[in-house]
Structures are given as C-alpha cells and as structure tokens.
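Structural features, examined
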Amino acid sequence: MVFFDVSFGSQEVGHMKIQLFVDIVDGIPIGYKGRTFHRIIKEFMIQGGDFVNGDVTRVTNIYQGPFANEDFKIRHLAPGLLFMVNSGPSTNGCQFFITCSKCNCLNWKHVVFRKITDGLLVMRKIENIPTGPNNKPKCGEM
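You'll find the chain entered in an unreviewed UniProt entry as Peptidyl-prolyl cis-trans isomerase, with Cebus imitator given as the organism. As recorded by UniProt, the Sequence similarities (unreviewed entry) comment attached to the chain reads in full: "Belongs to the cyclophilin-type PPIase family." The heading Function (unreviewed entry) in the UniProt record of the chain holds the text "PPIases accelerate the folding of proteins. It catalyzes the cis-trans isomerization of proline imidic peptide bonds in oligopeptides."

Next up on the list: unusual backbone geometry. The backbone phi angle of Asn 134 is positive, close to 60°, even though this residue is not glycine. Following the sequence through the fold, Asn 134 ends up in the segment after helix H1 (120–127). By relative accessible area, which is 69% here, Asn 134 ends up exposed.

Right, let's get into the pattern of salt bridges. Opposite charge on two side chains allows them to pair when their charged atoms are near. Using the criterion set out here, one finds one salt bridge in the structure. A salt bridge links Glu 127 to Arg 124, with the nearest nitrogen and oxygen atoms 2.8 Å apart. Remark: Arg 124 and Glu 127 occur in helix H1; sequence separation between them is three residues, near one turn of the helix. In this structure Arg 124 comes out as partly exposed when scored by relative accessible area, which is 30%.

Cut-off values and rules
- Residues numbered from 1 in each chain as written.
- Predicted model: local features only at pLDDT ≥ 70, side-chain atom pairs only at ≥ 80, totals over all residues.
- Heavy atoms only, no water.
- UniProt positions renumbered as here; feature names shortened; annotations may be inferred.
- Helix = DSSP H or I, 4+ residues; strand = E, 2+ residues; numbered from the N terminus.
- Buried < 20%, exposed > 50% of the residue type's maximum accessible area, 1.4 Å probe, protein only.
- Salt bridge = Lys/Arg side-chain N within 4 Å of Asp/Glu carboxyl O.

Laid out in structure tokens, this is it:
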C-alpha cells in the first residue's frame, strides 16, 4: 500500500490509500512527495507525476528513460485506477493518470498498476478543481 496526502495550497484535503498490483507489475518505488496534479479532465482523468518540470514536458524514472509496457491484464473499467502515461508502446515514465470514470478507450494502450482503495472522495475533490487552458488546474481558486 502507498498513499497520497492531498492539499490545495496550504489547505489539507484528505488522504488517498492506493493498492499496488505487485503480482502483475513490479519495480522499485520512487516518491511523488511535493508533486502536483498538472492536468484534470472532469469525468475522465487526473494526471500527475512529472518529477522534472511538473508540467508533462519531461519524463524521468528509476530506469533513467522510457521503459517497456509490462502487461495489459487490468482494464480501465472503473474510477480510481492508476495507470502509466505513455506516448506509444514501451514509452512509460514517471507520469500517471487516475481514472475518474470507466475509460474503455485507454484499454491496450496504458498499463494499470494501482487502484485507490480508500479516498475516492478526495479524488472527486481533485476532479472538480477549476481548470484553465490545457486542463491545467487554476491556482488560488480553492
């Protein structure tokens, strides 16, 4: 189990507990402490995990570059699933999405590796943050 403690600026919002699917995908964990969710599309997904610039422009990870897809056993069938962001086969990095709904269009494209087991209400609060251009969360509105 891992967790995200979520805040909007200095306001603590809540805690999301996340189960790793270590029997399906594996690797060496790295942290997201201090990172932001840099893209939110209501009723679709929340994106985060850019360690370098915090805005989806860079990718880094424990492998120092993109790594191969592991498998597509788990489908994007529910809210609260975490999956790797990639730009094509075997281009995974540090960024991830969290599904806000069923997302069949993502099956066979992105590897699901976690699910939220406690904290879906926190995910919904993030999903409802006002956004601006490129679905970037607006600062100072919450």
